[in-house]
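This is what each chain is made of:
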Amino acid sequence: MTKHPASPTVPVNMKKSVRIAVELLIGSCLFIAVAFGVALGTALAASKNLEISGTLGEQRLALPSQILDRNGKLITEYFAEEKRDIVSIDELPAHLIYAMITAEDRNFFSHRGIDVLGTVRAFWNNLRGTYFSGASSITQQVAGELYTDRSVISYRRKLIELWYAFQMERQLTKYQILELHMNTVYLGHNTHGVEAASQFYFGKSARDITLAEAAILVVQLRSPARYSMLNHPNVARDRQRLLLDQMVELGYVTQEEADRSFELFWDSYDVTRANTATAYFANRSKAPYFSEYVRLQLEDILYGSLVDINREGFVIHTTLDLDIQQAADEQMKDGIFGINARYRSDTAERLEAADIYHMPVINALSLLFDMEQINVAGTKRRRDAERYYYSTVNPILDILSIELDDTRLRNLVREAHGKRESKIKQTTVEGALITLENGTGHILAMVGGSDFETKQYNRAVDATVQPGSAFKPLYYSAAISSRIFTPATMIIDAPVVFFNADGEKYEPTNYLGVWMGPVRLRFALANSMNVPSVKVLDAIGFDMAIERASRLLGMYELRNDENLFPRKYPLALGVVSVAPINMARAFSVFANQGRAVDPIAIRYIEDRKGNIILRYEEEMIKERRRKSEQELQILTPQEAYIMVSLLQSVVQEGTLYRRRLSVGGFDGMPMAGKTGTNTNWADAWTVGFSPYYTTAVWFGFDLPGESLGRYQTGATAAGPVWAKYMKEIHQGLPIREFVKPDSGLITRRVCAVSGLLPTEYCDDGIIEEIFLAGTEPDTFCDIHPYEAKRNAFLEQKLKDRLLLQDFSIPAFDLPSFDLGGTEGPSETDRPAGESGQANPLLD
């Protein structure tokens, strides 16, 4: 007989343990079942006298939420009046309904109000405390919206929601429930229902939206702040694509339909567009861009879309200072108006000059050589005709299209209007300003554009524009940290060619093609010289420069994105895409002794009863404390102080020198900063700071292609606004100096020409310079001693010739001189030194 292997013997103790575990599991299940039954019975008993009426119940009393500045002054209120337009389910396109069902409740037409698997999964997750999840069916969502407070996460609220979901399924059809959902769901930017949301996002009825528009509209439901197509278009795009693919999998649309609609949507998408359809946007805020910035943050902080801040009666205490904000509004209003006036004047002059001097010549050449393609005789007439059409004809056609109900005419009018709007965006100068408190990161003022009611695009935080030379201090700080460079390091400013890794040639130039020869690093940065800056970047390398710049900007996670931080030499001149808030954040680190600064807008939030429900700033401080010291200390205090000193030279003698004089100085308050102008003079920046505040000011265009003009630079356009504003907001503040570390720094007298220790011959100027300890110069100037001996030799030679009357002796047969074992430079190699005044038009 074949023997089978003996079964393994199970120890008695293990059997007992298994039996106990099984008994505990059964007991737990019974306990949960009993608890669920009791809770459900309690909920049913509490609501047994409530019936679903024709009005579907009464909603909770709505109160507006107040936004206060740091001194308790009212900025604005988020009103409870909701923008809601009712639309029948029969009028909505099928692909919108399919998109909603795909995203929210795929079993909607088969279940009886509850997605059992989803509910069990949510119950188990919440019981274990792993994470809170809803997994509600569409019916449950409607019930919750109408009959419960969805900001409360509790089992009792969930059970009441289930009860009403059952009742709704008994008394209403699926399409009635779906219609309720479509007209009540919150879709971001204070829009409730698909019709109001469609009007806001697309400027048309939900009845007319495309497949791709339906998909991205439904995407907003999950988290209106995170997936906002206005504020985070790339994130919304990814979610939209995912939803379209799911609709294809379920057979609601074909792959071809999804792809074509998706491509058409993004080909015509304008990231700056917005509308005034929300109730909030009709509200007159004292700081509208800041208020909207706070509202978007609240949507994420307060559990995403579960809380309607327009109805909850919260009191949100923020960091804004309304007095500082008022000064920002006034200065930016004047600045934008003045820059636009100069831009239009310069453009008109150029066009007039072209009409008078160039067009006749070109037209004559076209006739003489029979070259019709360069005939420009009709250009001016066409330009005048275009203006007349847009200003006079198109508005008349718009009225006719409405009166005649002519679709083709209406489309023609809309196309013309779209072209004009695009042209306006390309030819209207906009601006942005943001002020941070150095030590705390508090946002004290925010201006995102010229007119919030017309366009809610917040350029202070959402713009992606090139900072130009304002970017230079970011990698100059890495050069100081490297110990390769000091403020006194001599750099040759002369024509030079660099080659990128792909072999592409790059030849940087200075403003107006001026070359200065050998200059000290301090002088080069103060006067925004390009060639010395590219040489600094070349010496420290792209990795070190990008590592430092990305950390200062708060964009460290994007440091390897070569589209953002290209590893090519134009990076030295600020060919990156940033927002003013990033630049303010970076410069505030210098004033904050090298420690990272995180911009913050919300301090804490109270509910309608005055209870503090969120201490947001305290939570952010705790989160910072969990970071490593290396993450928080971007520069050492000594390196930061060197950068402060370098940037003070920009104000004292560099590109902001005349701006300081124009406001009569800053009443003894130390100031530092940097100007910036990008390629083709399309963007103008000034970013600067005091011991108190850091402010970034930007002017430019929403769409690329235009130039402010060669005389509207960072120094001449943004600089005056920055200087007047900074002087105003520091009025009455005690004079405070930048914090200087007690150790690790050393001051030395150096030759102003060579940057080395001075000799008795250095009569062109001796200055005091600051160094990191150990990097100070230890050799003497080798330029002026050479000049002294050379001049003495020439003088003696001339005397000998006059005495001997021998003119056959070569006059300039100069020997080399021994200067302490070092051969002096030849005539052609001798540095020319620094000379001349700072050009007020530089950057």
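What you are looking at is a predicted structure, and each value in this text was computed from that prediction instead of being measured.

Colleague: How do you make sense of the overall build of the protein when you look at a structure like this?
Modeller: For the protein, the helix and strand inventory stands at 26 helices and 20 strands. Within the protein, residue pairs in contact and separated by at least 24 positions form 72% of the contacts whose partners lie at least 6 positions apart. Only carbon and sulfur atoms are counted for the fraction: they give 54% of the accessible area of the protein, which is about 41,400 Å².

Colleague: Whenever I open this one, the environment of Glu769 confuses me. Can you help?
Modeller: As for its position among the elements, Glu769 is in strand β18 (residues 766-772). On the basis of relative accessible area, Glu769 is assigned to the buried category, the value being 2%. Residues Glu769 and Ile746, spaced 23 residues apart in sequence, show a C-alpha to C-alpha distance of 8.5 Å. If sequence neighbours within four positions are ignored, Glu769 has contacts with Pro487, Ala488, Arg520, Arg522, Ile746, Thr747, Arg748 and Val750. Side chain to side chain, Glu769 and Arg522 meet in a polar contact 2.5 Å long.

Colleague: Just checking my understanding: could you explain empty space enclosed by the protein for this structure?
Modeller: Over the atoms rolls a probe the size of a water molecule, and in doing so it shows where empty space is left. Applying the stated criterion across every chain, the model contains one cavity of 30 Å³ or more. Estimated volume of the largest cavity: approximately 30 Å³. Phe590, Ala591, Gln593, Pro637, Ala640, Tyr641, Val644, Phe738 and Val739 are the residues that line the largest cavity. Looking at the lining of the largest cavity, the elements with two or more residues in it are α20 (580-591) and α23 (637-653). For the lining of the largest cavity, a count of residues per class yields eight nonpolar, one polar and no charged.

Colleague: Please clarify how helix α4 (residues 138-147) should be interpreted in this entry.
Modeller: Helical periodicity: at 3.6 residues per turn, an α-helix aligns residues three or four positions apart in one direction. Taking burial as the measure, the 10 residues of α4 include nine buried ones, the bulk of the element. Inspection of α4 places Ile138, Thr139, Gln140, Gln141, Val142, Ala143, Gly144, Leu146 and Tyr147 among the buried residues, and these make up the whole buried set.

Colleague: How should the sheet that holds strand β12 (residues 602-606) be read in this particular structure?
Modeller: The strands that make up a sheet pair up through hydrogen bonds in the backbone, lying either parallel or antiparallel. Spatially, five strands are ordered β2-β1-β5-β12-β13 in an open sheet, and the strand pairing comes out mixed. Unpaired on one side and paired on the other, β2 (74-78) and β13 (612-614) mark the two borders of the sheet. On average, each strand axis in the sheet is tilted by 25 degrees relative to the strand beside it, whichever way the strands run. Here helix α11 (residues 288-301) sits on the sheet and contacts β1 (65-68), β2, β5 (315-318), β12 and β13; the angle it forms with β2, its principal contact strand, is near 50 degrees. Running at roughly 130 degrees to β12, helix α21 (residues 616-625) makes contact with β12 and β13 of the sheet.

Colleague: I tried to follow a nonpolar patch on the surface on my own but got confused; where do I start?
Modeller: A cluster of nonpolar residues, Tyr98, Leu250 and Tyr252, forms a patch on the protein surface that exposes about 240 Å² of accessible area. The residue Tyr98 is located in helix α2 (residues 94-104) in this model. According to the relative accessible area criterion, Tyr98 is partly exposed, its value standing at 32%.

Colleague: Where do I start with the pattern of salt bridges in this structure?
Modeller: Pairing between side chains of opposite charge can happen when the charged atoms of each approach one another. Across all of its chains, the model carries 26 salt bridges by this definition. Between Asp702 and Lys455 there is a salt bridge whose closest N-O contact spans 3.1 Å. A residue pair is termed long-range when its members are at least 10 positions apart, and Asp702 in the loop between β16 (693-700) and α25 (714-729) and Lys455 in the loop between β7 (443-447) and α15 (459-462) qualify at 247 residues. In this structure, Arg522 and Glu769 form a salt bridge, with 2.5 Å as the shortest nitrogen-oxygen distance. With Arg522 in helix α17 (residues 521-526) and Glu769 in strand β18, the pair connects residues that are 247 residues apart, well separated along the chain.

Colleague: Mind showing me how you'd approach the packing of helix α8 (residues 211-219) against helix α9 (residues 233-249) here?
Modeller: The N-to-C vectors of α8 and α9 enclose an angle of 115 degrees; their axes lie 9 Å apart at closest approach. What the angle tells us is that α8 and α9 run roughly perpendicular. The chirality of how α8 crosses α9 is right-handed. In contact with Leu211, Ala212, Ala215, Ile216, Val218 and Val219 of α8, α9 contributes Ala236, Arg239, Gln240, Leu243, Leu244 and Met247. Residues of the contact of α8 with α9, tallied by class, amount to 10 nonpolar, one polar and one charged.

Colleague: I keep staring at the packing of α20 against α23 and nothing clicks. Help me out?
Modeller: For any two helices packed against each other, the geometry comes down to the angle between their axes and how far apart the axes lie. Packing of α20 against α23 brings their axes to within 7 Å, and their N-to-C directions diverge by 110 degrees. Relative to α23, the element α20 is oriented roughly perpendicular. Where α20 abuts α23, its residues Phe587, Phe590 and Ala591 lie against Ala640, Met643, Val644 and Leu647. Among the residues forming the contact of α20 with α23, the class breakdown is seven nonpolar, no polar and no charged.

Colleague: Would you mind showing me how to read the packing of aromatic side chains here?
Modeller: In this structure the tally under the stated criterion is 17 aromatic pairs. Between Phe587 and Phe590, the ring centres sit 5.9 Å apart and the planes meet at 65 degrees, which makes this aromatic pair edge-to-face. Here Phe590 and Phe587 lie together in helix α20, a separation of three residues that amounts to about one turn. A relative accessible area of 2% places Phe590 in the buried class. Ring centres of Phe666 and Trp722 lie 6.0 Å apart, and the angle between their planes is 70 degrees; on these two criteria the pair is classed as edge-to-face. Here the residue Phe666 occupies a position in the loop between α24 (657-662) and β14 (672-677), and Trp722 occupies one in helix α25, the gap between them amounting to 56 residues. The pair Phe666 / Trp722 is uniform in exposure class, with both members buried.

Colleague: Where do I start with the environment of Tyr252 in this structure?
Modeller: Along the chain, the position of Tyr252 falls in the loop between α9 and α10 (255-267). Residue class for Tyr252 comes out partly exposed when judged on its relative accessible area of 30%. Along the sequence, Tyr252 and Ala99 sit 153 residues apart, while their C-alpha atoms lie 8.6 Å from each other. Discounting chain neighbours no more than four positions away, the residues touching Tyr252 are Tyr98, Ile101, Thr102 and Met247.

Colleague: Would you take a moment to explain the sheet that holds β16 for this structure?
Modeller: The five strands are arranged β7-β6-β16-β15-β14 in an open sheet whose pairing can be described as antiparallel. Only two strands of the sheet have a single neighbouring strand rather than two, namely β7 and β14. Going across the sheet, the axis of each strand differs from the next one's by a mean of 5 degrees, ignoring polarity. Sitting on the sheet, α20 is in contact with β6 (430-437), β7, β14, β15 (684-689) and β16, with an inclination near 30 degrees to β15.

Reading guide: rules and limits
- Residues numbered from 1 in each chain as written.
- Predicted model: local features only at pLDDT ≥ 70, side-chain atom pairs only at ≥ 80, totals over all residues.
- Heavy atoms only, no water.
- Helix = DSSP H or I, 4+ residues; strand = E, 2+ residues; numbered from the N terminus.
- Contact = heavy atoms within 4.5 Å.
- Areas by Shrake-Rupley, 256 points an atom, 1.4 Å probe, with all protein chains shown as cover.
- Buried < 20%, exposed > 50% of the residue type's maximum accessible area, 1.4 Å probe, protein only.
- Polar contact = N/O pair within 3.5 Å; in protein donor to acceptor, adjacent residues only side chain to side chain.
- 1 Å grid on protein atoms, 1.4 Å probe; cavity = no way out; pocket = protein on both sides within 12 Å on 5 of 7 lines; lining within 4 Å.
- Points joined across faces, edges and corners; volume = space filled by probe spheres on them.
- Nonpolar A, V, L, I, M, F, W, Y, C, P; charged D, E, K, R; others polar.
- Pairing = 2+ DSSP bridges.
- Axes fitted to C-alpha atoms, helices over the stretch in contact; angles between N-to-C directions.
- Patch = residues over 30% accessible without salt bridge, like charges linked within 9 Å, V, L, I, M, F, W, Y side chains within 5 Å.
- Salt bridge = Lys/Arg side-chain N within 4 Å of Asp/Glu carboxyl O.
- Parallel < 35°, antiparallel > 145°, perpendicular 65-115°, else oblique.
- Left-handed = near helix turned anticlockwise from the far one by under 90°.
- Phe/Tyr/Trp six-rings, centres within 6.5 Å; stacked < 30°, edge-to-face > 60°.

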